Amino acid sequence: MTSTTVTRLRIETDGAPEFYDITENVRWALADSRVRDGLLCVYCAHTTAAIVINEHEPLLIDDMKRFLRNIAPEDAYYAHNDFAVRTVNMTPDEVANGHSHCAHLLLPSSETIPVIDGELALGTWQSVFMVELDHPRTREVIISVYGS
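Residues numbered from 1 in each chain as written. Predicted model: local features only at pLDDT ≥ 70, side-chain atom pairs only at ≥ 80, totals over all residues. Heavy atoms only, no water.

Here the focus is helix H1 (residues 23-33). By the burial criterion, the buried members of H1 are Thr23, Val26, Ala29, Leu30 and Ser33. Projected onto a plane normal to the axis of H1, the buried residues spread over an arc of 120° and lie on a single side. Opposite the buried face of H1, at more than 90 degrees from it, the exposed residues are Trp28, Ala31 and Asp32. Phi turns positive one or two residues past the end of H1, at Arg34, with a value near 65°. (Buried < 20%, exposed > 50% of the residue type's maximum accessible area, 1.4 Å probe, protein only. Helix = DSSP H or I, 4+ residues; strand = E, 2+ residues; numbered from the N terminus. Arc of directions from axis to C-beta.)

Another point: the environment of Glu74. The topology assignment puts Glu74 in the loop between helix H2 (58-71) and helix H3 (98-104). Overall, Glu74 belongs to the exposed group, its relative accessible area being 60%. For the pair Glu74 and His46, spaced 28 residues apart in sequence, the C-alpha separation works out to 18 Å.

Applying the stated criterion across every chain yields a total of one aromatic pair. For the ring pair Phe19 and Phe129, a centre distance of 5.8 Å and an interplane angle of 85° mean the geometry is edge-to-face. Here the residue Phe19 occupies a position in strand E2 (residues 18-21), and Phe129 occupies one in strand E7 (residues 126-132), the gap between them amounting to 110 residues. Here Phe19 and Phe129 have matching classes, each one buried. (Phe/Tyr/Trp six-rings, centres within 6.5 Å; stacked < 30°, edge-to-face > 60°.)

On to the state of the cysteines, then. What is meant by a disulfide is a covalent connection between two cysteines, made through their sulfur atoms. All told, the structure shown has zero disulfides when counted by the stated rule. Free cysteine: Cys44, not disulfide-bonded; nearest cysteine sulfur from Cys41 at 11 Å. Just so you know, Cys102 is unpaired, no disulfide at all, and the nearest cysteine sulfur is the one on Cys44, 17 Å from it. For Cys102, a relative accessible area of 35% corresponds to the partly exposed category. (Disulfide = S-S within 2.5 Å.)

Take the nonpolar core next. Judged by nonpolar contacts, the single largest core of 22 residues is most densely connected at Ile22, Leu40, Val42, Met130 and Val141. Among the elements of the structure, strand E1 (3-12), H1, strand E3 (38-44), strand E4 (49-55), strand E5 (110-116), E7 and strand E8 (138-147) are those that each provide at least two residues to this core. If we ignore the near neighbours within four places in the chain, the residues touching Val42 are Ile22, Val26, Ile51, Ser109, Ser110, Glu111, Val128, Val141, Ile142 and Ile143. By size, the runner-up hydrophobic cluster in this structure holds 13 residues, among which are Val52, Leu68, Ala72 and Leu107. (Core = buried A, V, L, I, M, F, W, Y, C linked by side-chain atoms within 4.5 Å. Contact = heavy atoms within 4.5 Å.)

The next subject is the layout of surface pockets. In this structure, the largest pocket encloses a volume near 320 Å³. Taken together, 18 residues make up the lining of the largest pocket; nearest its centre are Arg86, Asn89, Glu94, Asn97 and His101. When the residues that make up the lining of the largest pocket are grouped by side-chain class, the tally is three nonpolar, nine polar and six charged. In this structure, the second largest pocket spans a volume of roughly 210 Å³. The wall of the second largest pocket is formed by 16 residues, among which Ala16, Pro17, Glu74, His99 and Leu133 lie closest to the centre. Among the elements of the structure, H2 and H3 are those that each provide at least two residues to the lining of the second largest pocket. Across the lining of the second largest pocket, the residue classes break down as nine nonpolar, four polar and three charged. (1 Å grid on protein atoms, 1.4 Å probe; cavity = no way out; pocket = protein on both sides within 12 Å on 5 of 7 lines; lining within 4 Å. Points joined across faces, edges and corners; volume = space filled by probe spheres on them. Nonpolar A, V, L, I, M, F, W, Y, C, P; charged D, E, K, R; others polar.)

Written out as structure tokens, the structure is:
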């Protein structure tokens with residue numbers, strides 16, 4: 001019989017760019033689902049945070065942070081940050097975060113991982129990360145497991 005389970009994970013972030021290894025949380029969600037074979041989707045419903053699979057190696061993580069800062073520098077001009085001109089999707093607590101949105105263009109909102117014999121089919125060095133691209137805040141990650 002096929003089933004679907006959904007787990008919501010809340011992450012308190014403390015800056016950007018920052019990589020939060022959520023691999024163990026994803027494994028726990030899979031174990032709770034009792035799915036043996038199927039698919040697991042990790043999704044972040046934010047436009048300035050992402051989900052990626054990569055290697056958890058400290059120097060590589062520093063390299064990836066530097067890459068994101070270089071590709072979308074915070075101090076560059078972004079029309080999105082020009083609050084004297086911008087009129088769409090404004091909130092009372094609006095922040096200048098055009099760089100975060102632009103960096104997100106390079107990163108996915110979700111990753112799908114095969115589940116085989118009750119295990120994530122991740123490669124030897126692969127970990128699942130939630131990537132904060134903006135300022136500190138609470139993020140929600142949704143983990144959906146589908147299978148039998």
